[in-house]
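Chain residues, written in single-letter form:
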Amino acid sequence: MERSRREFLKIAGASAAIGLGAGQVMEAVAAATNHQAAPEAQVAHQPEALKATRWGMVVDTRKIESAEQIEKMVEACHKEHNVPMLEEERHRIKWIWETHFHNAFPSQATDRVSEHLEHILLPVMCNHCENPPCVRACPTKATFKRESDGIVMMDFHRCIGCRFCMAACPYGSRSFNFRDPKPFIPEINKAYPTRMKGVVEKCNFCVERLAVGKLPACVEVSDGILTFGDLNDPESEVSKLLKENYAIRRKTNLGTGPSVYYIV
Amino acid sequence: MNDKGKIVTGLVIFAALVSFPFWYNLGKAAPPPEVVLTDKAKAAKECVLPKDEIRTEHMQLLDVWRDTQVRDGQTVYINAKGKSYIMSLSNTCLDCHSNYKDFCDRCHVYASVDPYCFDCHIDNPKETK
Amino acid sequence: MLELALKGTKKYWGLLAVLGGIAGVAFLVYLYQLQFGLGITGLSRDVSWGFYIAQFTFLVGVAAGGVMVVLPYYLHDYKAFGRITIMGEFLAVAALVMCLLFIMVDLGQPMRMLNVIFYPTPNSMLFYDMIVLNGYLFLNIVVGWNVLEAERNGTHYQPWLKPLIYLSIPWAVSIHTVTAYLYCGLPGRGFWLTAILAPRFLASAFAAGPALLILLCLIVRRFTRFDPGREQIQSLAKIVTYAIIANVFFFLCEVFVAGYSQIPEHTDHLKYLFFGLHGKGVLVPWMWTSMGLMFGAIILLVVPATRRHEGVLAVSCAMVFVGAWIDKGLGLISGGFVPNPLHEVNEYLPTGPEVTIALGVWAVGFLVLTILYKIAVSVKEDNAGVLRTRVIKG
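Let us look at the structure shown here. The model shown is predicted, which means the values in this text are computed figures rather than measured ones.

Reading the values: the criteria
- Think of each chain on its own: its residues are numbered from 1, step by step along the sequence as written.
- Going through the entries in the order they are written, you letter the chains from A and number the ligands from 1.
- For this predicted model, a pLDDT threshold of at least 70 governs which residues receive local features, and a threshold of 80 or more governs which side-chain atom pairs are given and counted, while totals over whole chains, interfaces and linings are taken from all residues.
- In computing side-chain properties, one takes all heavy atoms of the structure into account and sets aside hydrogens as well as water.
- A helix here means a DSSP run of H or I that spans at least four residues, while a strand means a run of E at least two residues long, and both kinds are numbered starting from the N terminus.
- Based on C-alpha atoms, the radius of gyration is set beside the globule rule, defined as 2.2 Å times the residue count to the power 0.38.
- Working definition: with a 1.4 Å probe on protein chains only, accessible area under 20% of the residue-type maximum means buried, over 50% means exposed, and in between means partly exposed.
- Throughout, a residue-residue contact means that at least one pair of heavy atoms, one from each residue, lies within 4.5 Å.
- We get accessible surface area from the Shrake-Rupley algorithm with a probe of 1.4 Å; when it comes to residues, only the shown protein chains can shield them.
- A pair of strands counts as paired when DSSP detects no fewer than two bridges linking them.
- Comment: axis = line fitted to C-alpha atoms, over the contacting stretch for helices; angle = value between 0 and 180 degrees taken between N-to-C directions.
- Grouping buried Ala, Val, Leu, Ile, Met, Phe, Trp, Tyr and Cys residues that are joined through side-chain atoms within 4.5 Å yields what is termed a nonpolar core.
- Here the angle decides the label: under 35 degrees means roughly parallel, over 145 means roughly antiparallel, 65 to 115 means roughly perpendicular, and every other value means oblique.
- Should the near helix be turned counterclockwise from the far one by less than a right angle, the crossing is left-handed, whereas a clockwise turn marks it as right-handed.
- All amino acids are sorted into three groups, where Ala, Val, Leu, Ile, Met, Phe, Trp, Tyr, Cys and Pro are nonpolar, Asp, Glu, Lys and Arg are charged, and the leftover types, Gly among them, are polar.
- When two parts are put together, the accessible area they lose, computed with a 1.4 Å probe and summed over both, is reported as buried area.
- A carboxyl oxygen of Asp or Glu within 4 Å of a side-chain nitrogen of Lys or Arg is what we treat as a salt bridge.
- Pairs of N or O atoms are called polar contacts if they sit within 3.5 Å, as long as, within protein, a hydrogen donor faces a hydrogen acceptor (for residues adjacent in sequence, only side-chain-to-side-chain pairs).
- Residues qualify for a patch when their relative accessible area is over 30% and they have no salt bridge, like charges being joined within 9 Å and the nonpolar side chains of Val, Leu, Ile, Met, Phe, Trp and Tyr within 5 Å.

Focus on the overall build of chain B
Stage number 1. Each helix and strand counted, chain B has seven helices and two strands in total.
Stage number 2. Secondary structure elements of chain B occur, N-terminal to C-terminal, as α-α-α-α-β-β-α-α-α.
Stage number 3. Its C-alpha radius of gyration of 22 Å places chain B more than 25% over the 14 Å reference for a compact globule of 129 residues.
Stage number 4. By principal-axis analysis of the C-alpha atoms, chain B measures approximately 75 × 35 × 30 Å.
Stage number 5. Taken across its 129 residues, chain B has 33% of its residues classed as buried.
Stage number 6. Taking as baseline every contact in chain B between residues at least 6 positions apart, the subset at least 24 positions apart corresponds to 57%.
Stage number 7. In the structure as shown, chain B presents an accessible area of about 8600 Å², 63% of it carried by carbon and sulfur atoms.

Right under this line is the structure:
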């Protein structure tokens, strides 16, 4: 009975997603399992959810003036997602953080970087790759790429903490909970779950905000440095920005296809 | 060789040890727990599923919610009566049932289960954890 | 046959007690790790794998090395190894037990380990590693146990074992190949991103595994009435010689490619390991020691006089084993993670609790090995006894 209910809901969800008549499938399943309880349950998106086929971000490095601007993004993100502030350097958890140009782009940095680039700090985060090596490496599909919108996600419930994804990520974008993070969260945001020790976490492009029609937390406080949108939509703001400006991505030679662009 | 005595003694000791939980708790059945509903929960009148079902199957429902929400990205659950809920333990379930100790814990302690959902989905975090 | 493990000398029980004691202490430390998290180790977000996974990698090699006695006996009908195949198989069993334990202690959420089976993911190399490691463990237990039992009963082993024995030979190669694939398929880790990693792993495995086996043979001869045999030890020594030369050769190929191409993503890791980078280099003395040991061992093993002298051979084998252990058990993993993807140098050193847990896993492995070898040696001793009485009576 328990099994059948679970299966039935899964089928219901799947059929709704691929646009089949969910009702028919559910009736069939309900009849087959002789299940009396609430056979007409359905799942859906929130109407106000933001949708795209491939979410992406453009960082306009020309607009970066000070480190405080980046710190504001980091703070907004880490507060939203209950990211702990650990004293121990090696246990730190970072979803988005600031770094130098030659660290973000080790193979592109030359000895004659423009003065502006040399002096500013860039925000770096998960690149939500088109072809993510972390997803390839994960033995439990705990990290996966959402086919609908290209976001590379973590299922904290399923992660076994093998850290294969951390070895696979060529951007150092993943962090591991080396200890229980809860005592180190300055102010808990009850709307978003915390994590338990022993799982990997990273930037999720604010899926929980996109679902309710809000832009990512970092974008909101970025003073226009960050632009977020659908890379597959030629009319989107990100597409327009990329059409008009020269932008680079991190370690493109590895074939990962990052979705975060930097206008330099 | 005649080890009959030893074997029988051993068996008796074994049987006594194995059945220990049963005779130790004999006649001490704890009364079934009473859960307390918050005002918000009372005002809502009904839960996501009918009372009997949510009581016995909330864990299965949460399991499905989890996969649908996290993995498929769909966030709304529409029940048989056509009422919509956001699929979220933190923001839907624990919003109404914001009295962890007098609601969730009552049955969980009685049934001696210790789900770790609440380690991360916090409303009123357990004092012990 | 298990009852043979229950009758032993005081020394045997003493050894078991010591190993059990170490494992017990380590288990307590592991409970602490379970409670606190992997933060008790020296791992970091930059060096996310360390001592545990390195020991695992090294021991997969030791397990695969066991095939070097199985293969000549069953494929080339090299009769002399018939005496010691069981020692190779049981060594593989003990090594695999350690491998699996090292993976377990490395997991952040070990209770969810079975998710690997509940949500099988064929695009993950770890999925295949789970299959080949467990499969090889199963093969070695079944083959080793049944062949030994047949030997004890004075009969020929069951015919259905033959295909399993043949299967176990390529399977041994597969365990270390897949383990190398864990690393060498990752983009952005220049140190591991080399097609020669799997061959290199196999070469070091076929050196370190048989080297340990030689040492174990010498110990068995010393403390029991079973002599694995001089010819057997000398044949193994030749295998060790060729394998360690191949290992060093492969390594020098890596050094050439990195050094001559001078691509920073490849040279930086070697620079870090052997000279230090940005003023940091805790592993520098270790890496040079490893090189010294391996080169020294090659000289001692190639020169016939020193190879034939069993005392010197024991020293050479210890050198091979320790050299390969430093190379794989310390340098390989750290070296791949430093510098990190953002080209920062954050070093890794295992902590006390981490080393204690690792020692505990080694103790469990040697406990398993001691018990299995006790059984095998008892069977061999009994058979020798029966033969002797037959000769006298006849």
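Some points on the sheet that holds strand β1 (residues 42-44) of chain A
Stage number 1. On the basis of which strands lie adjacent, the open sheet formed by three strands has the order β1(A)-β1(B)-β2(B) and antiparallel pairing. Strands at the two margins of the open sheet, each flanked by one partner only, are β1 of chain A together with β2 (84-86) of chain B. Sheet twist, expressed as the mean angle between neighbouring strand axes with direction ignored, is 30°.
Stage number 2. Sheet analysis places β1(A) next to strand β1 (residues 76-78) of chain B, joined by three bridges and oriented antiparallel. Bridging from a neighbouring strand, Val43(A) pairs with Tyr77(B) of β1(B).

So, the nonpolar core
Stage number 1. Within the largest apolar cluster, 201 residues are counted, with the highest numbers of intra-cluster contacts made by Met87(C) and Phe102(C).
Stage number 2. Discounting chain neighbours no more than four positions away, the residues touching Phe102(C) are Tyr52(C), Gln55(C), Phe56(C), Leu59(C), Ala358(C), Val361(C) and Trp362(C).
Stage number 3. Val48(B), Leu49(B), Ile54(B) and Trp65(B) belong to the second-largest nonpolar core, a separate cluster that totals ten residues.

Observations regarding the packing of helix α8 (residues 197-223) of chain C against helix α9 (residues 230-261) of chain C
Residue and element names in this part refer to chain C.
Stage number 1. It is at 8 Å that the axes of α8 and α9 come closest, and there the two elements cross at 150°. One finds that α8 runs roughly antiparallel with respect to α9. Crossing angle aside, the handedness with which α8 passes α9 is left-handed.
Stage number 2. Its residues placed into classes, the contact of α8 with α9 shows 20 nonpolar, two polar and four charged.

With respect to the interface of chain C and chain A
Stage number 1. Listed per partner, the contact involves 39 residues of chain C and 48 residues of chain A.
Stage number 2. For the pair chain C and chain A, the summed buried area comes to about 3700 Å², and 54% of that belongs to carbon and sulfur atoms.
Stage number 3. On the chain C side of the contact with chain A, Arg45(C), Arg112(C) and Leu342(C) bury the most area, a combined 22% of that side's loss.
Stage number 4. Our enumeration of links across chain C and chain A arrives at one salt bridge.
Stage number 5. Among the salt bridges present, the one from Asp106(C) reaches Arg163(A), with a minimum N-O distance of 2.6 Å.
Stage number 6. The interface formed by chain C and chain A holds 30 residue pairs in polar contact (both at pLDDT 80 or more) in total.

A few points about a nonpolar patch on the surface
Residues and elements named next belong to chain C.
Stage number 1. On the surface, a nonpolar cluster with roughly 520 Å² of combined accessible area is contributed by Phe27, Leu28, Leu31, Leu34 and Met111.
Stage number 2. Structurally, the position occupied by leucine 28 is in helix α1 (residues 10-36).
Stage number 3. Residue classification places leucine 28 among the exposed residues on the basis of a relative accessible area of 58%.

Examining the environment of Val315(C)
Stage number 1. Summarising the element assignment, Val315(C) is placed in helix α13 (residues 310-337).
Stage number 2. Linking Val315(C) and Leu300(C), residues 15 residues apart in sequence, is a C-alpha distance of 9.0 Å.

Details of the sheet that holds strand β2 (residues 55-60) of chain A
Residue and element names in this part refer to chain A.
Stage number 1. One open sheet holds the four strands; their spatial order is β9-β2-β11-β10, and the pairing between them is mixed. In this open sheet, the two edge strands, each paired with only one partner strand, are β9 (226-230) and β10 (247-248).
Stage number 2. Bridge count between β2 and β9: five bridges; the pairing is antiparallel. Following the sheet pairing, valine 59 is matched in β9 by leucine 226.

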